[in-house]
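# Topology and contacts: notes
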Amino acid sequence: MKNLFSFVLSGLIILSISCQKNEPVPRLETGMLHLDIGMSITVNEVNNRLKSIPVIEDFDVIIYRTDGTEVMSFENASAMPDTIELEIGNYYVEAESDNNRPAEFENPYYAGVSEVFTINSNVSNDIQVICELANTIVTVIWSDNVISSFSDYSATVSSATDSLVYASNETRKGYFQPQPLEIKVELEYQNPDGSDTSKIISGQIPDPLPNRHYEINVDASIDNGLASFL
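Since we're looking at a predicted model, the values are computed, not measured. Numbering of residues begins from 1 in every chain and follows the order in which that chain's sequence is written. In view of the model being predicted, local features appear only for residues whose pLDDT reaches at least 70, and side-chain atom pairs are presented and counted only at 80 or more, with totals across whole chains, interfaces and linings using the full set of residues. Side-chain numbers come from the whole structure's heavy atoms, not from hydrogens or water.

## Let's talk about the overall build of the protein
Applied cut-off: A run of DSSP states H or I qualifies as a helix once it reaches four residues; a run of E qualifies as a strand once it reaches two. Both are numbered from the N-terminal end. To be clear on the numbers: accessible area is Shrake-Rupley with a 1.4 Å probe, and residue cover counts the displayed protein chains and nothing else.
Helix and strand counts for the protein come out as 1 helix and 18 strands. Carbon together with sulfur atoms contributes 46% to the accessible area of the protein, which is approximately 12600 Å² in total.

Now the structure itself:
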């Protein structure tokens, strides 16, 4: 799944003049930035069952100098004024949704960084911040063998910082920060004598990438002892 949000940044530069005593001093040049917000969506993953996109007006926006100095920040894009005054120089902009969690169902987190841009005198700038899905998405699919053969089953997907449990009836997408994931599947069934027992399957996603959907397909059988991920 790939969702893109565009922040369009345009700048119109003006001059300001300051004087000290009766001697001329160097002019301090500033630029006026006008920020328009647009949005576009593209889908290119295993399916198009998308969660509703976050409200772009709620994104955090931070303007930095290229040396990493924070110049200005806005907790909500909707709180930004129509024009933003900046001194001439080199800058970049970061934007993100305010919901970066280690692991959570139905919680897509978006982030992006603009290219470095230069504020010059009497030059107009058009800058975009493309905010992409920054999570790894994980879903679990159970085979017909599992559904018909086992009394209960679940999968736990864990990172170093958090985990999600996918119960047998769980259909939601899990959103993880991109880091190695461990998978543990527990399958419960009854022996012929009526006693309960379980089967454990383990797996991993060693190098998950952001903006990718990983679908875990689980297949297992009681009859021949087969238990595997597809």
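## Side note on the sheet that holds strand β13 (residues 163-167)
Going by this rule: Pairing between strands is defined by DSSP: at least two bridges between them are needed. Interaxial angle, 0 to 180 degrees, is taken between N-to-C directions of lines fitted to C-alpha atoms, where a helix line uses only the stretch in contact.
Strands sit in the order β13-β12-β15-β16 across an open sheet of 4 strands; the sheet is antiparallel. On the outer flanks of this sheet lie β13 and β16 (196-205), each paired with one strand and no other. With direction set aside, neighbouring strand axes in the sheet form an average angle of 15°. Across 5 bridges, the pairing between strand β12 (residues 152-158) and β13 is antiparallel. Across the sheet, residue Ala155 finds its bridge partner in β13, namely Tyr166.

## Overview of unusual backbone geometry
Peptide bonds are trans in most cases, and residues, glycine excluded, mostly fall at negative phi. The cut-off we apply is this: Partly exposed describes any residue whose relative accessible area lies between the buried limit of under 20% and the exposed limit of over 50%, with all areas from a 1.4 Å probe on protein chains only and scaled to the type maximum.
Its identity as a non-glycine residue notwithstanding, Glu106 has a phi of 45°, on the positive side. Assignment of secondary structure puts Glu106 in the loop between β7 (103-105) and β8 (110-113). Given a relative accessible area of 28%, Glu106 falls into the partly exposed group. One non-glycine residue with positive phi stands out, namely Asn211, at about 60°. Within the secondary structure layout, Asn211 lies in the loop between β16 and β17 (212-220). Judged by relative accessible area, which is 10%, Asn211 ranks as buried.

## What to know about the side chain of Asp219
We count it as follows: By the counting rule applied here, Lys and Arg register as positive and Asp and Glu as negative, while His and the ends of each chain are not counted. By definition here, a salt bridge exists when the distance from a side-chain nitrogen of Lys or Arg to a carboxyl oxygen of Asp or Glu is within 4 Å. Counting of polar contacts relies on pairs of N or O atoms within 3.5 Å, with two restrictions inside protein: one atom must be capable of donating a hydrogen and the other of accepting it, and residues adjacent in sequence are counted only when both atoms are side-chain atoms.
With respect to the helices, strands and loops of the structure, Asp219 is situated in strand β17. Buried and unpaired, Asp219 has Lys199 as its nearest opposite-charge partner, separated by 10.0 Å. At a separation of 2.7 Å, a polar atom in the side chain of Asp219 contacts the side chain of Ser143.

## Describing the pairing of strand β15 (residues 181-190)
In β15, alternate side chains face the same way, and those of Leu181, Ile183, Val185, Leu187 and Tyr189 are buried while those of Glu182, Lys184, Glu186, Glu188 and Gln190 on the opposite face are not. When β12 meets β15, the two strands line up antiparallel, connected through 7 bridges. The residue of β15 that forms the bridge with Asp152 is Glu188. Inspection of the sheet shows β15 paired to β16 by 10 bridges, in the antiparallel sense. Within the sheet, the bridge partner assigned to Leu187 lies in β16 and is Lys199. Where β15 folds back on β16, the antiparallel hairpin that results is connected by 5 residues, among which Gly194 adopts a positive phi of roughly 95°.

## Describing the environment of Asn191
Tracing the sequence through the fold places Asn191 in the loop between β15 and β16. For the pair Asn191 and Ile222, spaced 31 residues apart in the sequence, the C-alpha separation amounts to 9.6 Å.

## Some points on the packing of aromatic side chains
Definition in use: Ring geometry is summarised as follows: Phe, Tyr and Trp rings, the Trp one being its six-membered ring, pair when their centres sit within 6.5 Å, and such pairs are stacked at plane angles under 30 degrees, edge-to-face over 60 and tilted between the two.
In this structure the tally under the stated criterion is 5 aromatic pairs. A ring pair is formed by Phe150 and Tyr189, whose centres lie 5.6 Å apart and whose planes are at 80°; its orientation type is edge-to-face. Residue Phe150 is located in the loop between α1 (144-149) and β12, and its partner Tyr189 is located in strand β15; the two are separated by 39 residues in the primary sequence. One exposure class covers both Phe150 and Tyr189, and it is buried.

## With respect to the pattern of salt bridges
According to the stated counting rule, one finds 3 salt bridges in the structure shown. The salt bridge partner of Glu87 is Arg65, with a shortest N-O separation of 3.4 Å. A residue pair is termed long-range when its members are at least 10 positions apart, and Glu87 in strand β5 (residues 83-87) and Arg65 in strand β3 (residues 60-65) qualify at 22 residues.

## Points about the side chain of Thr136
Formally: For this analysis, residues touch if any pair of their heavy atoms sits within 4.5 Å.
Mapped onto the secondary structure, Thr136 falls in strand β11 (residues 136-142). Residue classification places Thr136 among the buried residues on the basis of a relative accessible area of 0%. At a separation of 2.9 Å, a polar atom in the side chain of Thr136 contacts the main-chain carbonyl oxygen of Leu209. Sequence-distant contacts of Thr136, defined by excluding residues within four places in its chain, comprise Gly174, Tyr175, Phe176, Pro178, Leu181, Pro208, Leu209, Pro210, Arg212 and Tyr214.

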